[in-house]
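Structural overview for review
The primary structure of each chain is shown beneath.
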Amino acid sequence: MLIKVFMLSFVLGCVSGLMAQDSVQYHANPVIVTATRIATDEQKLNRSVDVADESLLGDLALPSVGDVLQRFANISVESRGAFGMQTDFSIRGTLFSQNTILVNGLSLNDPQTAHYNFNLPLSASMIDRIEILRGPGSSQYGANAFGGVVNVITKIPEESTASVQVMGGENGLVGGEVTAQYADASVHSINSVSFKKSDGYHLDTDFLSQAITTSNRIDAAAGQISLTGGYEKKDYGAFDFYTPGKNLQSREALQTGFADASFSMQSSLFTLTPSVQYRRNTDQFILTITSPAYYTNNSATDVFQCEVIAQMKMSDNVTVTGGTSILWDDIISTYEGDHTRNNGSLFASAAAAFQQWTFDGSLRFDANSDYGDVVCPSLSAGYELGTRGKIYAAVSRAFREPSYTELYINDGFNAGNPGLRPELGWSYEAGGSYRLFPSIRLTSAIFQNDQKNLIDYVMYQANDPQYHAVNFESAVLRGAELSLRWDRMEGTSNEPALRSFLFTYGYLDSQIKHDSVYAAKYSNNYPRHQVSCTIVGTLPLSLSGSIGIVYKRKAAGNSYTLADASLTEHAGDFGLGLRGTNLLNQSYEENPGVPMPGRWIWLVLDYKLF
């Protein structure tokens, strides 16, 4: 009852504050998206894009990046644990393995399994914004960007500060973080050390996570140097993570580290950026802790990538970029074996604007040591509807190489297939955006993905003892999405008011052609309907807060509604926050057979040291 009263009073307080403001002036702030290789104003892109900026991220105060993503249309998060212990996500109904994670424009996908893609040693305090680009990105980033690209961008601090945060709550949750920033005329650095642990919400769901991260930009006479790195150690209960319905108490311990360095040399017309990146992930997975000798798999993967990108502004209306990259990865694993592969690529993109028309295209050639040559083009065109909106159409090709786990796993419950072929597909999209008012933006899109060789795990009959990795003959995925976003802009006071409102809807339908099977593990887990509503506002007594509601109706027929809220009070250098997830206390599973937590409430205390 108390929670319902809080949510109702929050909404009424925000709305009443909004109605009291008739003289507020609004304007549309430009948002520059960098994940497209050519930095472009969000409103001029010929594709479906959302940006969660620092202000929105701070207001939402959600426990993980995944929780933020599913506030946006056709982004479905499929977690296996709380607080980002293991997060899968889907863009436009694609499988969790068909999307690319970037940090500052560099891929962090894991070659062993996409279940580890979100092993990101980045706390919320380090993140400046998150760019979400729907639609294939293989013409720019190569393998795995079937559904889209998520680019997490770290902050570039403008002042030197330090702060400490502690939290505690239900299920034995405790945590803490120290963040330090340094900034002068040429050096901008942000660094974080954090940990969190919980006794768990269910049998075999306890966790402990520790992370350290640094992000630095150095402005030198010859150019700009960027250095980013992080390390995270996680140990958690993995109840039925990969064996739905078997009631196995499993255990997983991971260590993930990454480092990247880039040097950008820039003139008035030309920019050259070489970069190097290294990522290492180690994993110990115990299938059943009651009998660890049955199956304990120790694995280590390494990814090393070198990339050189050149960009030239040909005129006021035309910009081109191109480059080359070399990627090498390997795995050393108890049960999946020792394997190595490499990939070389050439890519180019161009963007042009002529009066009301905008065009952009990309072409990428990949030469893979295991699967040969792949060419992925993309082309789009847009037409501006005055200054308020635009319409666009796009076509693109994508591919994905099988993960090492899909190829070689054999734990008695899941069987890999060394003969798997890479996934290939074409995507077609049309959409548009329109500003109903300077502060209200409406976006929509329809799309179709035609894929062949889609990879999933299947059981051929009810008594099949294990899932088998297979290529499906074909899959057609159709859908639509709608988003309405209102932001209270500059020139406003701190009186009680609604500051941001976001409503999204996504629809999906998948038709898969394959041999007769009893069950597929992942391909039918997408939400046919997903609705999200997010409200952010300022309350009396300088309180700020947010409420979010997400409704999902899965293709299999099950549905659930999740609600979360945050409430924060700042007084000088102190901040006190109340957070809650699944406030309706729903019993639900984002992955079949893996129970998710019920209502979970915790407190957060912040103190700015200087």
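What counts, and at which threshold
- Residues numbered from 1 in each chain as written.
- Predicted model: local features only at pLDDT ≥ 70, side-chain atom pairs only at ≥ 80, totals over all residues.
- Heavy atoms only, no water.
- Helix = DSSP H or I, 4+ residues; strand = E, 2+ residues; numbered from the N terminus.
- Buried < 20%, exposed > 50% of the residue type's maximum accessible area, 1.4 Å probe, protein only.
- Polar contact = N/O pair within 3.5 Å; in protein donor to acceptor, adjacent residues only side chain to side chain.
- Contact = heavy atoms within 4.5 Å.
- 1 Å grid on protein atoms, 1.4 Å probe; cavity = no way out; pocket = protein on both sides within 12 Å on 5 of 7 lines; lining within 4 Å.
- Points joined across faces, edges and corners; volume = space filled by probe spheres on them.
- Nonpolar A, V, L, I, M, F, W, Y, C, P; charged D, E, K, R; others polar.
- Core = buried A, V, L, I, M, F, W, Y, C linked by side-chain atoms within 4.5 Å.
- Pairing = 2+ DSSP bridges.
- Phe/Tyr/Trp six-rings, centres within 6.5 Å; stacked < 30°, edge-to-face > 60°.
- Lys NZ or Arg CZ within 6 Å of the ring centre and 35° of its normal.

Quick look at the side chain of Gln86
Residue position: Gln86 is located in the loop between β4 (75–79) and β5 (87–91). Judged by relative accessible area, Gln86 falls into the buried class, the value being 2%. A distance of 3.5 Å separates a polar atom in the side chain of Gln86 from a polar atom in the side chain of Tyr236. Apart from residues no more than four positions distant in its own chain, Gln86 is found in contact with Ser79, Arg80, Gly81, His115, Tyr116, Tyr236, Phe241, Tyr242 and Glu252.

Let's talk about unusual backbone geometry
Residue Asp204 is not a glycine yet carries a positive backbone phi of 65°. The buried category is assigned to Asp204, whose relative accessible area is 8%. Residues other than glycine seldom take positive phi values, yet Gln355 does so here, at roughly 55°. In this fold, Gln355 is placed in the loop between β19 (337–354) and β20 (357–368). In this structure Gln355 comes out as exposed when scored by relative accessible area, which is 76%.

A short note on empty space enclosed by the protein
If you walk through the whole model with that rule in mind, you get twelve cavities of 30 Å³ or more. Size it by volume and the second largest cavity reaches roughly 360 Å³. Forming the walls of the second largest cavity are 26 residues, and the residues nearest its centre are Asp67, Gln70, Leu562, Thr581 and Tyr588. Listed by contribution, the elements that provide at least two residues to the lining of the second largest cavity are α3 (65–69), β4 and β33 (559–571). Among the elements that line the lining of the second largest cavity, the one with the most residues is β33, at three residues. Residues that form the lining of the second largest cavity fall into these classes: twelve nonpolar, ten polar and four charged.

Focus on the nonpolar core
Counting 43 residues, the largest nonpolar core has Phe83, Leu173, Phe207, Tyr236, Trp600 and Trp602 as the members making the most contacts within it. Elements with a minimum of two residues in this core: β26 (455–459), β27 (467–471), β33 and β35 (600–608). Here Phe207 is in contact with Ala82, Phe83, Met85, Leu173, Lys196, Lys197, Ser198, Asp235, Tyr236 and Trp600, once residues within four sequence places are set aside.

Describing the sheet that holds strand β9 (residues 148–154)
Strand order in the open sheet made by the five strands is β3-β8-β9-β6-β7, with mixed pairing throughout. On the outer flanks of this sheet lie β3 (49–53) and β7 (106–107), each paired with one strand and no other. Bridge count for strand β8 (residues 127–134) against β9 is seven bridges, and the pairing is antiparallel. Counted as the bridge partner of Ile132 is Val150 from β9.

A word on the environment of Ala259
Its location among the elements puts Ala259 in strand β15 (residues 251–266). The class of Ala259 is partly exposed, set by a relative accessible area of 40%. Taking the C-alpha atoms as reference points, Ala259 and Val517, separated by 258 residues in sequence, lie 43 Å from one another. Excluding anything up to four places from it in sequence, Ala259 contacts Thr228, Gly229, Val276, Gln277 and Tyr278.

Some points on the packing of aromatic side chains
Here the structure, examined in full by the defined rule, presents 15 aromatic pairs. Here the aromatic cluster, defined as three or more aromatic residues joined through ring pairs, consists of Phe83, Tyr201, Phe207, Trp600 and Trp602. Between the NZ or CZ atom of Lys521 and the centre of the ring of Tyr457, over which it lies, the distance is 5.3 Å. Sitting over the ring of Tyr467, Lys521 keeps its end group 4.8 Å from the ring centre.

Looking at the sheet that holds β26
Pairing between the strands of a sheet comes from backbone hydrogen bonds, and it takes one of two forms, parallel or antiparallel. If you walk across this open sheet you meet the four strands as β23-β27-β26-β30, and the pairing is mixed. The open sheet terminates on both sides in strands that have one partner only, identified here as β23 (414–415) and β30 (519–520). Relative to β30, β26 runs antiparallel, the two sharing two bridges. Within β30, the residue paired with Val458 across the bridge is Ala520.

A word on the pairing of strand β24 (residues 423–437)
Bridging between strand β22 (residues 389–400) and β24 involves twelve bridges; their strand directions are antiparallel. In the strand pairing of β24, Lys390 is matched with Ser433. When β24 meets strand β25 (residues 440–452), the two strands line up antiparallel, connected through 13 bridges. Among the inter-strand pairings, Ser433 is bridged to a residue of β25, identified as Thr443.

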